[in-house]
Amino acid sequence: MSALTKLTKTLAHHCVKKSKTHWCKSSQPLLNLLISENIVNINTSQFHQYQSRRTLILDSASSESVQLQRLSDSDSGIIEVSLNRPAAKNALGTDMLRGLKHAFETISEDSSANVVMIRSSVPKVFCAGADLKERRQMSPSEIHFYVNTLRSTFSFLEALPIPTIAVIDGAALGGGLEMALACDLRICGEAALLGLPETGLAIIPGAGGTQRLPRLVGKSVAKDIIFTGRKVSGKDAMSLGLVNYYVPAGQAQLKALEIAQEINQKGPIAIRMAKRAITKGLEVDMASALELEEECYIETLHTEDRLEGLAAFAEKRKPKYTGT
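Criteria and thresholds
- Residues numbered from 1 in each chain as written.
- Predicted model: local features only at pLDDT ≥ 70, side-chain atom pairs only at ≥ 80, totals over all residues.
- Heavy atoms only, no water.
- Salt bridge = Lys/Arg side-chain N within 4 Å of Asp/Glu carboxyl O.
- Helix = DSSP H or I, 4+ residues; strand = E, 2+ residues; numbered from the N terminus.
- Core = buried A, V, L, I, M, F, W, Y, C linked by side-chain atoms within 4.5 Å.
- Buried < 20%, exposed > 50% of the residue type's maximum accessible area, 1.4 Å probe, protein only.
- Contact = heavy atoms within 4.5 Å.
- Polar contact = N/O pair within 3.5 Å; in protein donor to acceptor, adjacent residues only side chain to side chain.
- Pairing = 2+ DSSP bridges.

As recorded in an unreviewed UniProt entry, the protein goes by Enoyl-CoA hydratase 2 and comes from Citrus sinensis.

(A) Highlighting the pattern of salt bridges. Scanning all chains against the criterion turns up 10 salt bridges. Measuring nitrogen to oxygen at the nearest pair gives 2.8 Å for the salt bridge that ties arginine 85 to aspartate 131. With arginine 85 in the loop between strand S3 (78-83) and helix H4 (94-108) and aspartate 131 in the loop between strand S5 (125-127) and helix H5 (132-135), this pair connects stretches of sequence that are 46 residues apart. The network of salt bridges with shared partners includes Glu308, Glu315 and Arg317.

(B) Examining the nonpolar core more closely. In this structure, Val81, Leu100, Ile107, Phe126, Ile168, Leu194 and Leu213 are the most contacted members of the largest nonpolar core, which totals 48 residues. Sort the elements by how many residues they give to this core and H4 lands first, with 6 residues. Setting aside its immediate chain neighbours within four residues, isoleucine 107 contacts Leu68, Ile79, Val81, Ala113, Val116, Leu160 and Ile162.

(C) Main features of the side chain of glutamine 253. Counting through the fold element by element, glutamine 253 comes out in helix H11 (residues 252-264). On the basis of relative accessible area, glutamine 253 is assigned to the buried category, the value being 7%. At a separation of 2.8 Å, a polar atom in the side chain of glutamine 253 contacts the side chain of glutamate 80.

(D) Just the sheet that holds strand S9 (residues 193-195), in detail. Taken in spatial order, the 4 strands line up as S5-S7-S9-S10 in an open sheet, and their pairing is mixed. A strand with exactly one partner marks an edge of an open sheet, and here the two such strands are S5 and strand S10 (232-233). In terms of strand pairing, S5 meets strand S7 (residues 171-173) through 2 bridges, oriented parallel. Residue pairing across strands places valine 125 opposite alanine 171, the latter belonging to S7.

(E) Representation of the pairing of S3 within the structure. Where burial is concerned, most of S3 is hidden: 6 out of the 6 residues are buried. The two faces of S3 match: Ile78, Glu80 and Ser82 on one face and Ile79, Val81 and Leu83 on the other face are all buried. As paired strands, strand S2 (residues 66-71) and S3 are joined by 5 bridges and run antiparallel to one another. Across the sheet, residue glutamine 69 finds its bridge partner in S3, namely glutamate 80. The hairpin formed by S2 and S3 contains 6 residues between the paired strands, and aspartate 73 there has a positive phi angle of roughly 55°.

The structure is reproduced here in structure tokens:
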């Protein structure tokens, strides 16, 4: 399956005409060569099926560098946010920031969305952080406004009621890592490189990095990473608790999809209440947190999904949850 991921990325560069549902004919010779050399073991129908499972649900009017797609069939509750600004390594310019804000707002209004994956369409990079070329043209007040917007956008991402997964198979630096920190889960590959290098530019992480990182890995480790600006490998990120899963290069997307599918099969209301109980519960004392847990549990009691879960268990079949 890792070969399929690499093949998908390679073929993307050979397509003359892009389409979300049509096979790119100019890629056929390359695919045939890879199959003949035993580099991959798939056929065109498999590749076509893999590509066509994504349906564009947000046009590029808000940003050409951010795409919002929904998976099809049984995975229709899974939403993908794809970063696609290859010339700038997915740097967070004003256009991409506008696209991310629009995408997250669209997701928040979609009651059928159960889980979100944020990924890169650019090989070897998740997000390189701020667009420093653009930043050089800004006045201090413009920079202040931009950073505040970035911070509020990531806070909006963090506050989404459904699980969010960052798929990191390359560099996630500065604002790129801060976006990943705002997600519930982080999955990285061997090629991942994570860091907050802002102090090297005589500034500090300003979009949540100084607050979310220590809450995740502890105060001392966070200070080490921020003070030195050092880059952390995927393997080290796993040992530090910075990511949830560490997989071979090229397989982060597939692992994220596997986790997203597991979440998507669960009761949607239960998942939302679990996220709320955990997130909000950590902000209060234990007694208040247990009261919150009770409130969230009650929200699941009077649902059709709870009855469906019990019926499916008794009938020894998979439940069919509707989010009601």
